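Descriptive analysis of the structure
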Amino acid sequence: MSLKQYKEVLMNPLIKENPITLQILGICSALAVTSNLNVTLIMCVALTSVVSLSNLSISLIRNYIPSSVRIIVQMTIIATLVILVDELLKAYDYETSKKLSVFVGLIITNCIVMGRAEAFAMKEKPFVSFLDGLGNGIGYSLILIGVAFIRELFGAGTLFGIPVFGDWYPTNNLLLLPPSSFIIIGLFIWLIRGYNNDQIEDDEFDISKHSASPNLSKRELNV
């Protein structure tokens, strides 16, 4: 692989092939962990670490994994890494670990992690698989950080729990509710696809005008 190809593997998932805005993957955690930037950053580091290291590990042993049990092997590797990350978080930042609750554990079932393991790491060499995991983790993190920034700043008037606007700013409960993440992610998708028209899907069905439109000039006799 050339240096340009390595760069594309790392950089494409940031915007062009972002796992959230293009593939609509991994948005479940965006609902629960994006009301506070500090918690969001920890979640982003956890997922990026897991997807990068799982891609690397799976790629290293890909030629020795029987096809019939590959999903089980992938899940075992991912689960081991998630448990390790969760235990480290409990050891060094127990308060944040409590705030994240089960969402670190749910990285095991995150579509991005499983998807990259199956679609990329099982086919490519270890280093490029690691770069792919790192790129997808960073792409995921950029969207989550953007959502958390908007929700915390305009929802609670704080950043990292520190007041920004002061006491005069009223709490915006809409932005503090989980469904607001869907609205913000939808706006991100709209902005990105407005800038990059290649991401706009073609219509599945052509909508034509009604062939039996009423003739408004014709007068009918009611009997």
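First, a word on scope: everything that follows refers to the structure included in this document. (Residues numbered from 1 in each chain as written. Predicted model: local features only at pLDDT ≥ 70, side-chain atom pairs only at ≥ 80, totals over all residues. Heavy atoms only, no water.)

For the rest of this paragraph, the subject is the overall build of the chain. Check the secondary structure of the chain and you find 9 helices and 2 strands. Relative to its 223 residues, the chain shows a buried fraction of 39%. Within the chain, counting contacts between residues at least 6 apart in sequence, those at least 24 apart form 74% of the total. Total accessible area computed for the chain in this model is approximately 13700 Å², and 64% of it derives from carbon and sulfur atoms. (Helix = DSSP H or I, 4+ residues; strand = E, 2+ residues; numbered from the N terminus. Buried < 20%, exposed > 50% of the residue type's maximum accessible area, 1.4 Å probe, protein only. Contact = heavy atoms within 4.5 Å. Areas by Shrake-Rupley, 256 points an atom, 1.4 Å probe, with all protein chains shown as cover.)

With that settled, consider the packing of aromatic side chains. Tallied over the entire structure, the rule returns 5 aromatic pairs. An angle of 40° between the planes, with centres 6.2 Å apart, marks the rings of F154 and F165 as tilted. Taken as a pair, F154 in helix α7 (residues 126-156) and F165 in the loop between β2 (162-163) and α8 (173-176) lie far apart in primary sequence, 11 residues in all. Take F154: its relative accessible area is 37%, and that puts it in the partly exposed class. (Phe/Tyr/Trp six-rings, centres within 6.5 Å; stacked < 30°, edge-to-face > 60°.)

A separate point is the pattern of salt bridges. In total, this model carries 4 salt bridges according to the counting rule given. With a closest N to O distance of 2.8 Å, E118 and R70 form a salt bridge. With a gap of 48 residues between them, E118 in helix α6 (residues 111-121) and R70 in helix α4 (residues 70-92) connect regions that are remote in the sequence. For D86, the salt bridge goes to K90, with nearest N and O atoms at 3.8 Å. Within this pair, D86 and its partner K90 are both found in helix α4, separated by 4 residues, close to a single helical turn. Classification of D86 by relative accessible area gives buried; the value is 16%. A relative accessible area of 37% places K90 in the partly exposed class. In the salt-bridge network here, residues are joined through shared partners; they are D86, E87 and K90. (Salt bridge = Lys/Arg side-chain N within 4 Å of Asp/Glu carboxyl O.)

With that out of the way, let us pick up the environment of T21. With respect to the element layout, T21 can be found in the loop between α1 (3-11) and α2 (28-32). Judged by its relative accessible area of 1%, T21 is buried. In this structure the C-alpha to C-alpha distance between T21 and G186, which are 165 residues apart in sequence, comes to 8.1 Å. Each residue touching T21, except ones within four places of it in the same chain, is listed here: I15, I143, F188, I189, I192 and R193.

Taken together, the side chains of I183, L187, W190 and L191 define a hydrophobic patch exposed on the protein surface, amounting to about 470 Å² of accessible area. Tracing the sequence through the fold places L187 in helix α9 (residues 180-195). (Patch = residues over 30% accessible without salt bridge, like charges linked within 9 Å, V, L, I, M, F, W, Y side chains within 5 Å.)

At a closest axis distance of 9 Å, the pairing of helix α3 (residues 37-60) and α4 adopts a crossing angle of 145°. Here the hand of the crossing between α3 and α4 comes out right-handed. On the side of α3, the interface is formed by I42, A46, V50, L53, S54, S57 and I58, while α4 contributes Q74, I77, I78, L81, V82, V85 and L89. (Axes fitted to C-alpha atoms, helices over the stretch in contact; angles between N-to-C directions. Left-handed = near helix turned anticlockwise from the far one by under 90°.)

The next thing to look at is the packing of α3 against α7. Contact geometry for α3 and α7: axes closest at 8 Å, N-to-C directions at 165°. By the criterion of interaxial angle, the relationship of α3 to α7 is roughly antiparallel. Along this stretch, α3 crosses α7, giving a crossing that reads as right-handed. Partitioned by chemical class, the residues of the contact of α3 with α7 number 18 nonpolar, 9 polar and 2 charged. (Parallel < 35°, antiparallel > 145°, perpendicular 65-115°, else oblique. Nonpolar A, V, L, I, M, F, W, Y, C, P; charged D, E, K, R; others polar.)

A few words now on the nonpolar core. I107 and I185 are the most contacted members of the largest nonpolar core, which has 38 residues in total. Put simply, the parts of the chain that give this core at least two residues each are α3, α4, α6, α7 and α9. Broken down by element, this core gets its largest block of residues, 8 residues, from α3. Residues within four places of I185 in sequence aside, it is in contact with I20, I27, A30, I143 and V147. (Core = buried A, V, L, I, M, F, W, Y, C linked by side-chain atoms within 4.5 Å.)

Before going further, it helps to spend a moment on the side chain of N136. Take N136: it is sitting in helix α7. Under the relative-accessibility criterion, N136 is labelled buried at 2%. Setting aside chain neighbours within four positions, we find N136 in contact with P13, P19, I112 and R116.

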